[in-house]
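# Coordinates in review
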Amino acid sequence: MIFERTVTTVSEVIDNFLRRKGLRNENSAWSLGESPLGEIGVFANRDIACGEEVFRDYPVIDGPRIKPTDFLFCVVCCKHNDAQLCAKKCGLPVCSNVCYQKHQSECELIRNKRGNVDEIDRELFQNLTPLRCLSLGDDDRAVIAQLKHHKGSKHGIEVDKLKDIGLCFEEKEEDYIRLVCCVMDANAFEVLIETDVKEANFRGLYPLAGLVNHSCVPNLTHAFDQNKVMMVRASVPIRKGQELFHSYVRLIWSTPTRQFNLAKTKHFTCKCPRCLDPTEFGTYMSGILCKKCRGNVLPQNPLTIKSNWVCEDCGTEVAKQEVANLICALGSVLRSFDDEDLETMLKFLHLKLARLVHANHEIAVDLKYRIVWIIGHHEKYKLRDIESQLLDLKSRICEELLNLMENLKLGDNKMKGLLSYEMFISLKEKYRRSTLSKTNFPDKSITQQAEKYFKEACSILREEVNFPNVVSI
Ligand SMILES: [Zn+2]
Ligand SMILES: [Zn+2]
Ligand SMILES: [Zn+2]
Ligand SMILES: [Zn+2]
């Protein structure tokens, strides 16, 4: 079957899909159109305020995604407790009779392809998502047919893994699974949902969200509820007619790292305003310090890893290999740190990194972000016990990172919400300490500041299921 892919045909299947899932809002703020990026894109059909919901989406297909050490969970309800080998011995974990009823057709499909097994099969669990496409109905297949997909031998290895563990497919089934794998690789989202004892990790194909193009200056942010519904909001004010963007990569990566990952996983070069500016809006996230004059050395052409690197101040050239080696060496030092070693980390940050790279370099940012989560959270550095020096350091770093995100024009995204919350708890602790002092009056201005950050965090994170249940100060 060959589908022609136009704005009209895609709009139609997406509309139908959302309607079937009860998620089509008749006054929605988006419509599909031709993007200047040469693809179909999603556009604002009216002005959208920062924080406003733009759309909701549901996976047309989804399945578990685990790391080698992760515990498996029930393939139906995602709970970990009581998940054990399905009574019919298909190889998947299921937790109850209720879940078994919902699992039945999947179970039969698998047993038809391989027969029974005596224990839970991690490999089957890990590659379940593409297998599920064989049970999709025509409506859902029509949705998948309208999504773009990657081509190449690297995509679709899931089928080989399923064959390796003994599942047999007809040729057209195998072709279809391969196609779905390619569509998944181009469009799927990582989903983390709270279940009983721990979070469950998923990969889901969200048809409308999958049509939103990428930018490293995104204007959308998203969260998931417990039923895997994706809620998409504006992270900045959006004008009518503007294209909607989310980011496919981590936003606190520097341009060379983002470009490398986009090329490897999504096969394109991003030419957004941030990528075209070697200074990344004056943040110098890829800047290393010149050995001669301590000016910033930046890539001349950030869009290619083959670029030369040149000092902005004295013009000295640095070989790209030298830059790559430095970043690689610093990265491996970073990975070698243990969370207990706060002192070593701080020494590395202030003495070593400060001499080699810009304060906003992604390596420094990575380390600072980690430090924020150690001070006040690690067993050894509980908020109430740490010296005031460390408490001040935590709020200083939060402030630096929040400024960086502001300069990168990232708007109200999850990381800003989390950092605002960390800022709030630091200020709250600072205020508590000031009330204990017999010589000074408690500093009221701290409470006001703390409240500002608290409100910010709540407004950004209100839909995050694992947002701490906190009481106001
Ligand atoms: Zn279950
Ligand atoms: Zn089963
Ligand atoms: Zn970009
Ligand atoms: Zn220089």
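Note that the structure is predicted; figures quoted are calculated from it, not measured.

## Observations concerning the overall build of the chain
When helices and strands are counted, the chain shows 16 helices and 16 strands. The globule rule puts the C-alpha radius of gyration for 473 residues at 23 Å, and the 25 Å found for the chain is close to it. When the backbone C-alpha atoms are referred to their principal axes, the chain occupies close to 75 × 55 × 45 Å. Relative to its full complement of 473 residues, the chain shows a buried share of 36%. Counting contacts in the chain only where the partners sit at least 6 residues apart, residues at least 24 apart contribute 64% of the total.

## Comments concerning the pairing of strand β10 (residues 220-224)
In terms of burial, β10 is a largely internal element, 4 of the 5 residues being buried. Two elements, β10 and strand β11 (residues 230-234), share 5 bridges in a ladder whose sense is antiparallel. Paired with L220 across the strands is A234, a residue of β11. The turn joining β10 and β11, which pair antiparallel and follow one another in sequence, is formed by 5 residues; a positive phi near 70° is taken by K228.

## Focus on the domain arrangement of the chain
Segmenting the chain into domains produces domain 1 (7-58 + 206-246), domain 2 (61-205) and domain 3 (375-473). Relative placement of domain 1 and domain 2: their C-alpha centres are 26 Å apart. Counting residues at the interface gives 14 residues for domain 1, matched by 14 residues for domain 2. Considering each element in turn, the side of domain 1 that touches domain 2 owes the most residues, 6 residues, to helix α1 (residues 7-20).

## Some words on the sheet that holds strand β3 (residues 53-57)
An order of β3-β11-β10 is seen for the 3 strands of this open sheet, with the pairing classed as antiparallel. The open sheet terminates on both sides in strands that have one partner only, identified here as β3 and β10. Taken over all neighbouring pairs, the strand axes of this sheet differ in orientation by 20° on average, direction set aside.

## Concerning unusual backbone geometry
Unusually for a residue other than glycine, H267 sits at a positive phi of about 60°. Looking at where H267 falls in the secondary structure, it is placed in the loop between α9 (255-266) and α10 (273-276). Residue H267 is classed as partly exposed on the basis of its 14 C-beta neighbours within 10 Å. Although it is not a glycine, R294 adopts a positive phi angle of roughly 65°.

## Points about the environment of M285
Following the sequence through the fold, M285 ends up in the loop between α10 and β13 (288-289). With 81 residues separating them in the primary sequence, M285 and D366 have C-alpha atoms 11 Å apart. Beyond its immediate chain neighbours, meaning those up to four positions away, M285 contacts S254, E280, N360, H361 and E362.

## Topic: the packing of helix α12 (residues 342-356) against helix α13 (residues 362-374)
The contact between α12 and α13 brings their axes to 11 Å, and the two run at 150°. Here α13 runs roughly antiparallel to α12, going by the angle between their axes. As α12 runs across α13, the sense of the crossing is left-handed. Of α13, the residues touching α12 (which contributes L342, M345, L349 and L353) are I363, A364, L367, I371 and I374. For the contact of α12 with α13, the residue count by class is 9 nonpolar, no polar and no charged.

## Some thoughts on the packing of α13 against helix α14 (residues 388-407)
At a closest axis distance of 10 Å, the pairing of α13 and α14 adopts a crossing angle of 135°. Relative to α14, the element α13 is oriented oblique. Remark: the crossing between α13 and α14 carries left-handed chirality. Of α14, the residues touching α13 (which contributes V365, K368, Y369, I371 and V372) are K394, I397, C398, E400, L401 and L404.

## Some points on the environment of L427
Within the secondary structure, L427 sits in helix α15 (residues 414-436). Once the C-alpha coordinates of L427 and H214 are considered, the two residues, 213 residues apart in sequence, prove to be 36 Å apart. The contacts of L427, once residues within four sequence positions are left out, are S395, I446, Q449, A450 and Y453.

## Re the environment of D139
Turning to its location among the elements, D139 is positioned in helix α5 (residues 138-145). When the C-alpha positions of D139 and T265 are compared, they lie 28 Å apart, and in sequence the two are 126 residues distant. Residue contacts for D139: discarding those within four places in its chain leaves N16 and R20.

## What to know about the nonpolar core
In terms of nonpolar packing, the biggest core is built from 61 residues, with V54, C74 and V94 touching the most fellow members. Element by element, the count of residues in this core is highest for helix α7 (residues 171-187), at 6 residues. Counting only domains with at least three residues in this core, you end up with domain 1 (7-58 + 206-246) and domain 2 (61-205). Beyond its immediate chain neighbours, meaning those up to four positions away, V94 contacts C74, V75, V76, A83, C86, C99, Y100 and H103. Of all hydrophobic cores here, the second largest spans 38 residues; its members include C311, I363, F454 and I460.

## What to know about the sheet that holds strand β16 (residues 317-318)
Taken together, the 4 strands give an open sheet; going across it, the order is β13-β14-β15-β16, and neighbouring strands pair in antiparallel fashion. On the outer flanks of this sheet lie β13 and β16, each paired with one strand and no other. Judged from the 2 bridges that link them, β13 and strand β14 (residues 296-299) form a sheet pairing that is antiparallel. Across the sheet, I288 pairs through a bridge with V297, a residue of β14.

## Description of α13
Between the first and last C-alpha of α13 there are 18 Å, a value that for 13 residues agrees with the 18 Å anticipated at 1.5 Å per step. Along α13, the residues classified as buried are E362, I363, A364, V365, L367, K368, I371 and V372. Where the residues of α13 are buried, they touch α9, α11 (320-336), α12, α14 and α15. The positive-phi residue at the C-terminal boundary of α13 is G376, with phi of around 100°.

Thresholds, definitions, all that
- Residues numbered from 1 in each chain as written.
- Chains lettered and ligands numbered in written order.
- Predicted model: local features only at pLDDT ≥ 70, side-chain atom pairs only at ≥ 80, totals over all residues.
- Helix = DSSP H or I, 4+ residues; strand = E, 2+ residues; numbered from the N terminus.
- Rg over C-alpha atoms; globule rule 2.2 N^0.38 Å.
- Buried ≥ 20, exposed ≤ 12 C-beta atoms within 10 Å, placed from the backbone.
- Contact = placed C-beta atoms within 7 Å.
- Pairing = 2+ DSSP bridges.
- Domains from an automatic or database assignment.
- Axes fitted to C-alpha atoms, helices over the stretch in contact; angles between N-to-C directions.
- Parallel < 35°, antiparallel > 145°, perpendicular 65-115°, else oblique.
- Left-handed = near helix turned anticlockwise from the far one by under 90°.
- Nonpolar A, V, L, I, M, F, W, Y, C, P; charged D, E, K, R; others polar.
- Core = buried A, V, L, I, M, F, W, Y, C linked by C-beta atoms within 7 Å.
- Expected span 1.5 Å × (residues − 1).

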